Amino acid sequence: MLSKKIKVAIVCDWLTNMGGAEKVIHGLHHLFPNAPIYTSIYNPEKVIGFEKADIRTSYLQKYPFAKVKHQLYLPFLPKVFESFDFDDYDLVISSSHSCAKGIITRPETLHICYCHSPMRYAWEDSINYINEYEVNSLLKKIAGLYIHNIRLWDRLSADRVDYYIANSETVKNRIIKYYRKNATVIHPFVDIENFSLIRNRKDFFLAVGRLIPYKRFDLLIEAFNKTGLNLVIAGTGIMEEKLKKMASPNIEFLGYVDDKKLKELYCTAKGVIFPQVEDFGIVPIEAMASGCPVIAYGKGGALDTITDGISGTFFHEQTPESIIKSINTFNRIEFDSTKIRNQANLFSKDVFNKKIIEFIEKKLYIWQKEMI
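Owing to the predicted nature of the structure, the values given are computational and were not obtained by experimental measurement. (Residues numbered from 1 in each chain as written. Predicted model: local features only at pLDDT ≥ 70, side-chain atom pairs only at ≥ 80, totals over all residues. Heavy atoms only, no water.)

## Notes on the overall build of the chain
Counting its regular elements, the chain contains 13 helices and 13 strands. In terms of C-alpha radius of gyration, the chain reaches 22 Å, essentially the compact-globule figure of 21 Å for 372 residues. Each principal axis of the C-alpha distribution contributes one length, and for the chain these read about 65 × 55 × 40 Å. Once local pairs closer than 6 in sequence are excluded, the contacts in the chain between residues at least 24 apart make up 62%. Accessible surface, the chain: about 18,100 Å² in total, of which carbon and sulfur atoms supply 53%. (Helix = DSSP H or I, 4+ residues; strand = E, 2+ residues; numbered from the N terminus. Rg over C-alpha atoms; globule rule 2.2 N^0.38 Å. Contact = heavy atoms within 4.5 Å. Areas by Shrake-Rupley, 256 points an atom, 1.4 Å probe, with all protein chains shown as cover.)

Below is the structure:
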C-alpha cells in the first residue's frame, strides 16, 4: 500500500447518476478513503456510497438544474477543471470520459488518468451527436463550432496526463489514435459476490439495458420475430413504444426491474444477448457471474470479457441474420456454468484493487526517482 505520507486527490467529471464510471470512483474512494474527490456537480440523492467522502464541487453545483441536467453545462467544464487547485497533492487520480483529465498540476505532482474513453461527442461520435439534436439548423451549426473548439482543448489537455489507464483494449486504441499516448488496460470491476451461480435455466433469452438507439434492441426484435424464440427485455427508454409495436407475442417487455429481479433473470435465462458496441460493458459480466452465457456483437469491450465457446458466442455483423446464425451456434454448445463464473471472477473488485495499487506504486516509484 502507498505510504500515508503521499497526499492523494481523486477527480471525476460529475457525480449525478450511478453508472459504470461512478462505480470506478466508488472503488477508488475505498482504496483511498482520505482522498478528497473533486468534481463539477454532485447529486447525493442519485449517487449513493459517498456519504462519508470529502467531495469538493465547482461553482456549477449552485446553478439551475445542474444536478439533473449536467449536460447543459458541458461548455463550462474545461474552465471548471482548470480552476481546481492541486498544489498540495503528490498524486492525483482522474476518472475521465469528458473533461476531468484536463486538470492542471505542479510538475512534481503525478497525474494518472483512468480513462473510460476519450470524449465521445468530440471524436468518433461527433457527427451523430450533432445530427441527433432535435433543434434547428442554426443551433446545429453552433453545436458544431462548440465541438470543434472542445476537440482542440481535449487534445491539448490530454498531454497534461502523465500515465493513462484504459478500461478496455478498445479504449486503449482510441487513446493511442486521438491522444497519441499509450495506456495500460485495467478493466472495471463487478461485485461478483452479489450474483449467485444457479443452474436453473428456462427457455428464454434475456436482453438488459436502456431502450435507446445505439443499444440496437431493434435488431434483436427483428431476429426474434423471425425465429419465434422467447425473448425477455428488461429496461426502459425513449424507444420503448416503437420497439413494442415492432415486437411479436414471443417478446416480453418487463420495463424497469430492480436488482433482485434482475439477478433472478440472470439465473434463469438460457442466455443474455448483447447487440451493441460498448467501451467495456457491465451486463455480460453480471450475466457470467450468474453462470449465464452471452451472445454478443464481436466488437468493443465484449472482446475483452467473453471467451468464444466457453462463456458465450459472437456475431460479427449487426444484422438480424447474423444474430440468428449466432443463436443457432449457441444452441449447439453445452456451456459449463462453473467455467462461465470463473471467467467473471477475472473482473472482481479484488482483481481491480490489486492491479490499480500495483500500477500506481510502480509509476509513483519511477516518478519520484525522476524528480530527484
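Resuming the write-up.
## Observations concerning a nonpolar patch on the surface
The grouping of Y59, Y63 and F76 at the surface amounts to a nonpolar patch, some 260 Å² of accessible area in total. Relative to the helices and strands, F76 is located in the loop between β3 (55–57) and α2 (77–83). (Patch = residues over 30% accessible without salt bridge, like charges linked within 9 Å, V, L, I, M, F, W, Y side chains within 5 Å. Salt bridge = Lys/Arg side-chain N within 4 Å of Asp/Glu carboxyl O.)

## Side note on the sheet that holds strand β8 (residues 205–208)
Overall, parallel pairing links the 6 strands, which are arranged β10-β9-β8-β11-β12-β13 in an open sheet. With partners counted over all chains shown, the strands left at the sheet margins are β10 (251–255) and β13 (312–315), one partner each. Along the sheet, successive strands turn relative to each other by an average axial angle of 25°, direction set aside. As defined by bridge partners, β8 adjoins strand β11 (residues 271–274) across 2 bridges and the pair is classed as parallel. Following the sheet pairing, L206 is matched in β11 by V272. Where helix α11 (residues 320–331) meets the sheet, its contacts fall on β8, β11, β12 (294–297) and β13, and the angle it forms with β13 comes to roughly 160°. (Pairing = 2+ DSSP bridges. Axes fitted to C-alpha atoms, helices over the stretch in contact; angles between N-to-C directions.)

## Concerning the sheet that holds strand β2 (residues 37–39)
Across the sheet, 7 strands lie side by side as β3-β2-β1-β4-β5-β6-β7; this open sheet has parallel pairing. Since the sheet does not close on itself, it has two edges, and those belong to β3 and β7 (183–185), each with one partner. Averaged over neighbouring strand pairs, the angle between their axes works out to 25° when direction is ignored. As paired elements, β2 and β3 share 3 bridges and run parallel to each other. Bridge pairing links T39 to T57 in β3. Along the sheet face, helix α5 (residues 169–179) touches β5 (110–115), β6 (163–166) and β7 and points at about 145° away from the line of β6. Its contacts with the sheet place helix α13 (residues 349–371) against β4 (91–96), β5, β6 and β7, and it is angled at close to 150° to β5.

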